[in-house]
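# Chain and residue survey
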Amino acid sequence: MSENKVRVRFAPSPTGPLHIGGVRTALFNYLFARQHGGELVFRIEDTDSNRFVPGAEEYIIESFRWLGIKFDEGVSFGGEYGPYRQSERRDIYRKYVDMLLEKGMAYVAFDTPEELEKKRSETANFQYDAHTRMQMTNSLTMTPEECNRRIADGQQYVVRFKVEPGQEVHVDDMIRGEVVIKSDIIDDKVLYKSADELPTYHLANIVDDHLMKISHVIRGEEWLPSAPLHVLLYRAFGWEDTMPKFAHLPLLLKPEGKGKLSKRDGDRLGFPVFPLEWHDPKTGDVSSGYRESGYFPEAVVNFLALLGWNPGTEQELFTLDELVSLFDITKCSKAGARFDYQKGIWFNHEYILRKSSEEIARLFAPIVANNGVDEPFERVLKVVEMMKDRVSFVKELWQLCSFFFIAPTEYDAKTVKKRWKADSAKVMGELAEVLEGIEDFSVEGQEHVVMAWVESKGYKLGDVMNAFRLTLVGEGKGPGMFDISAFLGKEETLRRMRRAIEVLK
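As the structure is a computational prediction, the values presented were derived from the model and not from experiment.

Scoring rules and cut-offs
Residues numbered from 1 in each chain as written. Predicted model: local features only at pLDDT ≥ 70, side-chain atom pairs only at ≥ 80, totals over all residues. Heavy atoms only, no water. Helix = DSSP H or I, 4+ residues; strand = E, 2+ residues; numbered from the N terminus. Contact = heavy atoms within 4.5 Å. Polar contact = N/O pair within 3.5 Å; in protein donor to acceptor, adjacent residues only side chain to side chain. Axes fitted to C-alpha atoms, helices over the stretch in contact; angles between N-to-C directions. Parallel < 35°, antiparallel > 145°, perpendicular 65-115°, else oblique. Left-handed = near helix turned anticlockwise from the far one by under 90°. Nonpolar A, V, L, I, M, F, W, Y, C, P; charged D, E, K, R; others polar. Buried < 20%, exposed > 50% of the residue type's maximum accessible area, 1.4 Å probe, protein only. UniProt positions renumbered as here; feature names shortened; annotations may be inferred.

## Let's talk about the environment of Arg390
- Here Arg390 lies in the loop between helix H13 (377-387) and helix H14 (397-401).
- Through-space distance from the C-alpha of Arg390 to that of Leu488 is 20 Å; in sequence the pair is 98 residues apart.
- Ignoring any residue separated from it by four or fewer positions in sequence, one finds Arg390 in contact with Leu400, Gly478 and Pro479.
- Among the polar contacts listed, one links the side chain of Arg390 to the backbone oxygen of Gly478, at a separation of 3.2 Å.

The following block contains the structure:
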């Protein structure tokens, strides 16, 4: 680039929900831009009008808003290089299509889909290129008059790039090093379609990257085969000096490590592959999202940052600012990154531990209320303080903690069989009397008195506490017993104990 300013872009297509692989690509662009004091551009690639899905663009913008990945310019953000939606740049692209045609570096082709299909069936591995183009229906095989007449008659056509054979194409990749490709294997790609008067991805991206002064193109490995063609296009326009540097990120692989991660993997194993829940406007199908599944955006970002890149240390938990300072695009892996969704759950658990109990309690309080329980926030907070280290998602707290708010109506049969001894009803009756006589019902106040009583009676502490837990909780779970009884208070503790003795005796 002639200028030193780092400018990168993320350019999704509004053809459906944003895949988690796309989120990682945007994140790596964001980290690279911020680290170099550069700018991140948000562009919408909507040149394939047949695949447009209503609501997809808004979904993508909302996804990044939730994740905290901020753009500097682009669709909905403004900027001096707009418009940033490719469908609004038709006239711009047409100028560059005409430029290639005038230079003889592109040509008009009239082959119908049926003719192309027939050719593919006749010729194994058919490719529209220097070896086959003279057998096809295009401006190279007809007179200019015939070509112009067809266009004037409204016949649909495409413009193809004329790839000259026998050239070496060098792609300098920041992750993979220098990649050298022979131009003979590159076909004459379609750059423009008269049917919708729009360019294809290949032309639109080159023109936009040039005009928007993009310095680095950081994208998924799946675009690596396109890179040689893009280098040839930069050459054709005479833009070699402003050609961006490329970096092709490693693929996200299935959790088992073989093959590219897909939505089917998420459906099969029960994890989201989209940042937000997606409602398909055509089928009505609903696909799960990380936000609605209870993940924290910081946890998702941290998880994704370490897929295909690591800082070379044992540290795993990073703030966004820490990631910006440590990120090094050249340290990205060349090999695919296995999508260990269980690790994503681990990250969410770690972020629950990192967050204050008050923040978690504010997220848990509506869940408590939705289950018909009217509890002051202070009591919800106390429960969270006791239990947040046991869950990976806030929504898991209710199943784990509901006994704090609602007395058990049933008692787990396995726990009863294992923990409720022949003398448990008698011992619990005695314990209830001991508890009733305690004035200081705090954890410490109870513990001192009860422990002395257990010792004086010669009871086994484990038997007493396991039965005590069953009476208050209904099963064998929860924190320390005196934490539970202190929270419930003397009256509720005794009420639950006496009911359990009545039911289980």
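## Overview of the packing of helix H16 (residues 424-436) against helix H19 (residues 481-504)
- Taken N-terminus to C-terminus, the directions of H16 and H19 make an angle of 165°; their axes are 10 Å apart at the nearest point. Classed by the angle they form, the pair H16 and H19 counts as roughly antiparallel. You can see that H16 and H19 cross each other, and the crossing is left-handed. In contact with Ala425, Met428, Gly429, Leu431, Ala432, Leu435 and Glu436 of H16, H19 contributes Lys490, Thr493, Leu494, Met497, Arg498 and Ile501.
- Within the contact of H16 with H19, the residues separate by chemical class into eight nonpolar, two polar and three charged.

## A few points about the side chain of Arg9
- With respect to the helices and strands, Arg9 occurs in strand S1 (residues 7-10).
- On the accessibility criterion, Arg9 (6% relative accessible area) is buried.
- A polar contact is formed between the side chain of Arg9 and the side chain of Asn205, at a distance of 3.1 Å.
- There is a polar contact of 2.9 Å between the side chain of Arg9 and the side chain of Asp209.
- If sequence neighbours within four positions are ignored, Arg9 has contacts with Asn29, Leu40, Val41, Arg43, Asn205, Asp209, Ile214, Val217 and Arg219.

## Side note on the side chain of Ser392
- Here Ser392 lies in the loop between H13 and H14.
- Here Ser392 falls in the buried class, since its relative accessible area comes to 17%.
- Apart from the residues lying within four places of it in its own chain, the contact partners of Ser392 are Ile345, Asn348, His349 and Ile352.

## Side note on the UniProt feature "domain: Glutamyl/glutaminyl-tRNA synthetase class Ib catalytic" (unreviewed entry) in the protein
- Taken from the UniProt record, the annotation "domain: Glutamyl/glutaminyl-tRNA synthetase class Ib catalytic" (unreviewed entry) applies to residues 5-343.
- End C-alpha atoms of residues 5-343 are separated by 36 Å, and the span's content is 32% helix alongside 16% strand.

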